[in-house]
Amino acid sequence: MSALAGRRLSVVRLLVVIGAVVGLVAGGIWGTQWMVGRADAAAAAPWFAGYADVTAVPNFAFEEPTSDAAKNVVLSFIVADKEDPCTPTWGTHYTLDEAGDQLDLDRRIARLEQNGGDVAISFGGFANDELAVACTDPGDLLAAYRQVVERYGISTIDLDIEGAALDQADSLARRADAIAKLQTELRAKNQPLAVWLTLPVTPSGLDERGQVVVRDMLARGVDLAGVNAMTMNYGAGLESGQSLLDGVEGSVRGLQRQIRALYAEIGVTLSEATLWSKVGITPMIGQTDVSEEVFTLADARAVNAFALQNGIGRASMWSLNRDQTCGSNYVTVKVVSVACSGVDQKGETFADLLADGLDGKPEFSATVVTTAEPLDAADLEDDPAKSPYPIWAEDAAYLQGTKIVWHRNVYQAKWWTRGDLPDDPVLNEWETPWSLVGPVLPGETPIPRPTLPAGTYPEWSGLTIYEKNQRVLFGGTPFEAKWWNQGESPEASSSNPDGSAWVALTERQIEQVISGGDGEPLG
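Residues numbered from 1 in each chain as written. Predicted model: local features only at pLDDT ≥ 70, side-chain atom pairs only at ≥ 80, totals over all residues. Heavy atoms only, no water.

Enquirer: Hey, could you go over a negative patch on the surface for me, with residue numbers and the actual values?
Expert: On the surface, a cluster of negative charge is contributed by Glu83, Asp84, Asp137 and Asp140. Structurally, aspartate 137 is set in the loop between helix H4 (131-134) and helix H5 (138-152). (Patch = residues over 30% accessible without salt bridge, like charges linked within 9 Å, V, L, I, M, F, W, Y side chains within 5 Å. Areas by Shrake-Rupley, 256 points an atom, 1.4 Å probe, with all protein chains shown as cover. Salt bridge = Lys/Arg side-chain N within 4 Å of Asp/Glu carboxyl O. Lys, Arg positive; Asp, Glu negative; His and termini not counted. Charge placed at Lys NZ, Arg CZ, Asp CG, Glu CD. Helix = DSSP H or I, 4+ residues; strand = E, 2+ residues; numbered from the N terminus.)

Right under this line is the structure:
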């Protein structure tokens, strides 16, 4: 996130304004009329949800919230793939399927919901291209947004538009049109989609570019849940003697005033309470990107009091990943860390302070990846045909990192273990070698092992003596001998990876075989 904003009204911005008005006249009238009927409806209770950076290292375990304040999460960021710009990815690093496989993201979202939390998805951010910036085909762009919403079963999205994306008139129009169409689709299915815009602000509110983004969204028929101010990184925008907290409050008051005016432009008058419910506040906790600006615990308390007093609709923070005191090995706290705040939090968390009293729930739910009802004893029986990993066996040994299924949940070994019940109700986490990843998801089946064509290696035979490093095929799956053996079936490697004489080749090794880089090449 970044909130450094310019102040010029460029030709691009002027074209956006003209295009938005044309869009309203040509195709947005119905959507605007619908908003007139909705805009001053009773507001939901104010809510808090911190951002969590999905791809940041070290990995942040958002699925195991340390307090009620961290149960609602805005996962970030969905951006365009560098090679295929209409494919949504997590930070360009993982497609949605790859995030499910390599980060266990779907399962972790389900686990968060088991813990009483909810998740929204944020698109964009500062570092990469938001989908509408890179994907120029309107149909493909709509499909990309739809894919994310359907994949994660969400009903709230966050559009973080900043940097160069603020000046691109064509992408602003594409984004607004696609989101408006998606809302219409989902509304017809009685699945409303709440849309928040997250924008950089000055100490007096949105700059001209931010105003254009909101104006374009409204003009093209998008029903905005609200506008979330990135109250951070003001730099030279703060006047002499003006504190960071002064800047935050000035930004939010200015934003509320601007929302009133922007809705008035489309003929919608909002009450004072509804206007505040459409305002969001998102500070960067602790040390910000501007070395002189530090958002303190006292600031968090003050922002919370301001939010409660005015009835703002949403509070967030950047980020949950950073909500802890830096360790002694992190020396230069003025350099922003992705994993700590840079201030001594004295045992407190910014999430707890900012969320105090904001007890509402965002209108979103990750229902797609969870079971519909609580499981009873009979439902705890594990079905190998519906389990992505081998079912835990008491007599099997498991290496660190091994994943298994037990009582319809996936667990991962923290260290070598044998005979330790995965769901043993221990008092302390360090007493069990198993870490709960999340539930087995509906429709899952065993993860297929990669195979090679017959003849690539000899078929395994119980009568053959095998030396270390020899390779065989077993049911099409390639295995490599770990030591001399005879009559030891590779089939046992999945249930007893430590004791088995065989280890399955990795996907990378198989790719090397196919390309001729490892072992005997094909053909």
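There is more to say after this.
Enquirer: I'd like a rundown of helix H8 (residues 244-265), residues and numbers included.
Expert: Relative to the 32 Å expected for 22 residues at 1.5 Å per residue, H8 spans 31 Å between its end C-alpha atoms, a close match to the ideal helical length. One or two residues past the end of H8 sits glycine 267, with phi positive at roughly 80 degrees. (Expected span 1.5 Å × (residues − 1).)

Enquirer: Can you break down the sheet that holds strand E18 (residues 434-439) residue by residue, with the values?
Expert: Sheet strands associate in pairs through backbone hydrogen bonding, adopting either a parallel or an antiparallel arrangement. Pairing within the open sheet is antiparallel, and its 3 strands lie in the order E15-E16-E18. Every other strand in the sheet has two partners, leaving strand E15 (403-406) and E18 as the edge strands with one partner each. Neighbouring strand axes in the sheet, compared pairwise and without regard to direction, differ in orientation by 35 degrees on average. Examined bridge by bridge, strand E16 (residues 409-413) and E18 share 5 bridges and lie antiparallel to one another. In the sheet register, asparagine 409 faces E18, and the bridge partner there is proline 439. (Pairing = 2+ DSSP bridges. Axes fitted to C-alpha atoms, helices over the stretch in contact; angles between N-to-C directions.)

Enquirer: Outline the nonpolar core, supporting the account with residue identities and numerical values.
Expert: Counting residues in each nonpolar core, the largest one holds 95 residues, and the members touching the most others are Leu75, Trp90, Leu105, Tyr145 and Leu159. The greatest single-element share of this core, amounting to 8 residues, is contributed by H8. Residues Trp47, Ala49, Met230 and Trp318 belong to the second largest nonpolar core, which totals 13 residues. (Core = buried A, V, L, I, M, F, W, Y, C linked by side-chain atoms within 4.5 Å. Buried < 20%, exposed > 50% of the residue type's maximum accessible area, 1.4 Å probe, protein only.)

Enquirer: Run through the state of the cysteines, naming residues and quoting values.
Expert: Scanning all chains against the criterion turns up 2 disulfides. Here cysteine 326 is linked by a disulfide to cysteine 340, with a sulfur-sulfur distance of 1.9 Å. Given an S-S torsion of about 85 degrees, the disulfide between cysteine 326 and cysteine 340 has right-handed geometry. Here cysteine 326 is found in the loop between strand E13 (314-315) and helix H11 (350-355), whereas its partner cysteine 340 is found in the loop between E13 and H11, with 14 residues between them in sequence. Assessed through its relative accessible area of 6%, cysteine 340 is described here as buried. Look at the chain and number its bonded cysteines as they come in the sequence; the links are 1-2, 3-4. (Disulfide = S-S within 2.5 Å.)

Any functional reading would require information beyond the geometric quantities listed.
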